Amino acid sequence: MSINPFNIYQNAHKDGMSPRELEASLLTRAGLMLKRCQDNWDAPNRDQRIEEAIKFNQKVWSFFQSELSMPDNPLPKNIREDILNLSLFLDKRLFEILAYPEPQKLTIAININLNLAAGLMTRRDELSDQLGKAV
């Protein structure tokens, strides 16, 4: 069964998650899927799990690419370009993993996903703290 991040995005949005929380959630899920593959490298269903995790990651990052390419995206141009460049790097790495799977190749993709997710959540928490102090 394939997991579609676009469905997750739509359902989470309906459940009241902010776009930032949703993005952090998707990145966390993408990173953890890869981490489970890395941690269970010798599992008999490894190839299937890697393919599923990589497809999920590709869909998440394709969604980000689409959003960042929109003319009305509110992020500053240099940040959009940096994230788009990062997404191109990840695309290349994920294809490399599919072609020549090795557990250590997953580390950079895991770290990027989880660190971006943590950054999104940290920024939200900082804003909440600032708003709480202002009230």
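To keep things clear, this report deals only with the structure shown in the data block. (Residues numbered from 1 in each chain as written. Predicted model: local features only at pLDDT ≥ 70, side-chain atom pairs only at ≥ 80, totals over all residues. Heavy atoms only, no water.)

### So, the nonpolar core
Step number 1: Leu27, Leu34, Val60, Trp61, Phe64 and Leu106 are the most contacted members of the largest nonpolar core, which totals 27 residues.
Step number 2: For this core, the secondary-structure elements that each account for two or more residues are α2 (19-39), α3 (46-69), α4 (77-99) and α5 (106-134).
Step number 3: The dominant element in this core, judged by the number of residues it contributes, is α3, at 9 residues.
Step number 4: Apart from the residues lying within four places of it in its own chain, the contact partners of Leu34 are Ala53, Ile54, Asn57, Leu106, Ala109, Ile110 and Asn113. (Core = buried A, V, L, I, M, F, W, Y, C linked by side-chain atoms within 4.5 Å. Buried < 20%, exposed > 50% of the residue type's maximum accessible area, 1.4 Å probe, protein only. Helix = DSSP H or I, 4+ residues; strand = E, 2+ residues; numbered from the N terminus. Contact = heavy atoms within 4.5 Å.)

### Observations concerning the packing of aromatic side chains
Step number 1: All told, the structure shown has 2 aromatic pairs when counted by the stated rule.
Step number 2: Seen in terms of ring centroids, Trp61 and Phe64 are 5.4 Å apart; in terms of plane orientation they differ by 85°. Their pairing is edge-to-face. Here Trp61 and its partner Phe64 are both found in helix α3, 3 residues apart, which amounts to about one turn of the helix.
Step number 3: On the basis of relative accessibility, which here comes to 2%, the residue Trp61 falls in the buried class.
Step number 4: Between the aromatic rings of Phe63 and Phe64, the centroid separation amounts to 6.3 Å while the plane-to-plane angle is 55°, which identifies the pairing as tilted.
Step number 5: Given a relative accessible area of 9%, Phe64 falls into the buried group.
Step number 6: Here a set of aromatic residues connected by ring pairs shows up, and it is made of Trp61, Phe63 and Phe64. (Phe/Tyr/Trp six-rings, centres within 6.5 Å; stacked < 30°, edge-to-face > 60°.)

### As for the pattern of salt bridges
Step number 1: Tallied over the full model, the rule gives 6 salt bridges.
Step number 2: A salt bridge links Glu81 to Lys77, with the shortest nitrogen-to-oxygen separation between them at 3.7 Å. You can see Glu81 and its partner Lys77 sitting in helix α4, 4 residues apart, about one turn around the helix.
Step number 3: Since its relative accessible area comes to 55%, Lys77 is described here as exposed. (Salt bridge = Lys/Arg side-chain N within 4 Å of Asp/Glu carboxyl O.)

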